[in-house]
Amino acid sequence: MDPVTLKTDRLLLRAFAPADVDAVYEACQDVDIQFYTPVPVPYRRADAEKLVGEKLPAQWAEDQDYTLGAFRKDTGALVGSYCLTLISRGVWELGYWAVKEQRGRGYSVEAARALCDWGWATLDVHRIEWWAMTGNTGSRAVAEKLGFTVEGTLRNRSIANDGKPHDWWVGALLRP
């Protein structure tokens, strides 16, 4: 599938472009993004270049992972990264990270809602899952505002960038 562009009242969601490499690099210097998401640590500019220039375009082409950057319409500033990733037939995972300076303004809920709405309308999906390491209360708050039902906690689900296993929350939205 070719990348799409989505618009909300305050945001433009689009595929990342080479001009966005610096913004992605800067955002991924945040210790919370490095702890709660699977980005490389340390996060180098070359990581952002590879992500934007190779990995994300290939994922769109393979129809397995659809990632869009969310940008403020008023300033053009990067708000965050939002993706739907195929887990199994009809089941997709919503993933996201937000730029530290853009958090707490409702942008992540707005961007994730737009992406989920696009997913319901476009993809063969009956369930959208959300996963977050316990303690990532910002991610959980976004998921709950989107209407996700938190279904449980998975003990020692995966090893984080600190090299230790951590518990994870899991939740889902079902097709409306």
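Residues numbered from 1 in each chain as written. Predicted model: local features only at pLDDT ≥ 70, side-chain atom pairs only at ≥ 80, totals over all residues. Heavy atoms only, no water.

The name given to the protein in an unreviewed UniProt entry is Acetyltransferase, with Streptomyces subrutilus as the source organism.

Novice: Sorry if this is basic, but what is going on with helix α5 (residues 137-145) here?
Specialist: Side chains that are three or four residues apart share a direction in an α-helix, a result of its 3.6 residues per turn. For α5, the complete set of buried residues consists of S139, V142 and A143. Along α5, the residues classed as buried sweep out an arc of 100° about the axis, all on the same side. Residues of α5 that are exposed and angled more than 90 degrees away from the buried face: T137 and K145. In this structure, the buried residues of α5 make contact with β5 (90-98), α4 (107-122) and β6 (125-133). Immediately downstream of α5, the backbone of G147 shows phi near 100°, a positive value. (Buried < 20%, exposed > 50% of the residue type's maximum accessible area, 1.4 Å probe, protein only. Helix = DSSP H or I, 4+ residues; strand = E, 2+ residues; numbered from the N terminus. Arc of directions from axis to C-beta. Contact = heavy atoms within 4.5 Å.)

Novice: It is not clear to me how α4 should be interpreted in this structure. Could you clarify?
Specialist: Compared with the 22 Å implied by 1.5 Å per residue over 16 residues, the 22 Å span of α4 between its first and last C-alpha is a close match. The buried fraction of α4 is high, at twelve of 16 residues. Burial in α4 covers these residues: Y107, S108, V109, E110, A111, A112, A114, L115, C116, W118, G119 and W120. (Expected span 1.5 Å × (residues − 1).)

Novice: Help me understand the nonpolar core, please; the structure alone is not making it clear to me.
Specialist: Nonpolar side chains tend to gather and get buried jointly when the protein is soluble and globular. In this structure, Y82, L84, L94, L115, W118, I128 and F148 are the most contacted members of the largest nonpolar core, which totals 34 residues. Only β2 (11-14), β3 (65-72), β4 (78-88), β5, α4, β6, α5 and β8 (165-174) provide two or more residues apiece to this core. In terms of residue count, the dominant contributor to this core is α4 (eight residues). Aside from chain neighbours lying at most four places away, what touches L115 is L6, Y66, L68, Y82, C83, L84 and L94. Counting residues in hydrophobic clusters, the runner-up holds 15 residues, among them F16, A27, I33 and V39. (Core = buried A, V, L, I, M, F, W, Y, C linked by side-chain atoms within 4.5 Å.)

Novice: Any chance you could explain the side chain of D20 here in plain terms?
Specialist: When you line up the elements, D20 lands in the loop between β2 and α1 (21-27). Within the structure, the side chain of D20 is placed 2.7 Å from the side chain of R14, a separation counted as a polar contact. Every residue in contact with D20, bar those within four places of it in the chain, is listed here: R14, A15 and F71. (Polar contact = N/O pair within 3.5 Å; in protein donor to acceptor, adjacent residues only side chain to side chain.)

Novice: It is not clear to me how unusual backbone geometry should be interpreted in this structure. Could you clarify?
Specialist: Excluding glycine, most residues fall at negative phi; most peptide bonds, likewise, are trans. In this model, V41 is joined to P42 through a cis peptide bond whose omega is 0°. The residue P42 is located in the loop between α2 (31-36) and α3 (45-62) in this model. The phi torsion at D63 lies on the positive side, around 55°, for a residue other than glycine. You can see D63 is positioned in the loop between α3 and β3. Under the relative-accessibility criterion, D63 is labelled partly exposed at 32%. If you check the backbone angles, N156 has positive phi at about 45° while not being a glycine. Mapped onto the elements, N156 comes out in strand β7 (residues 149-159).

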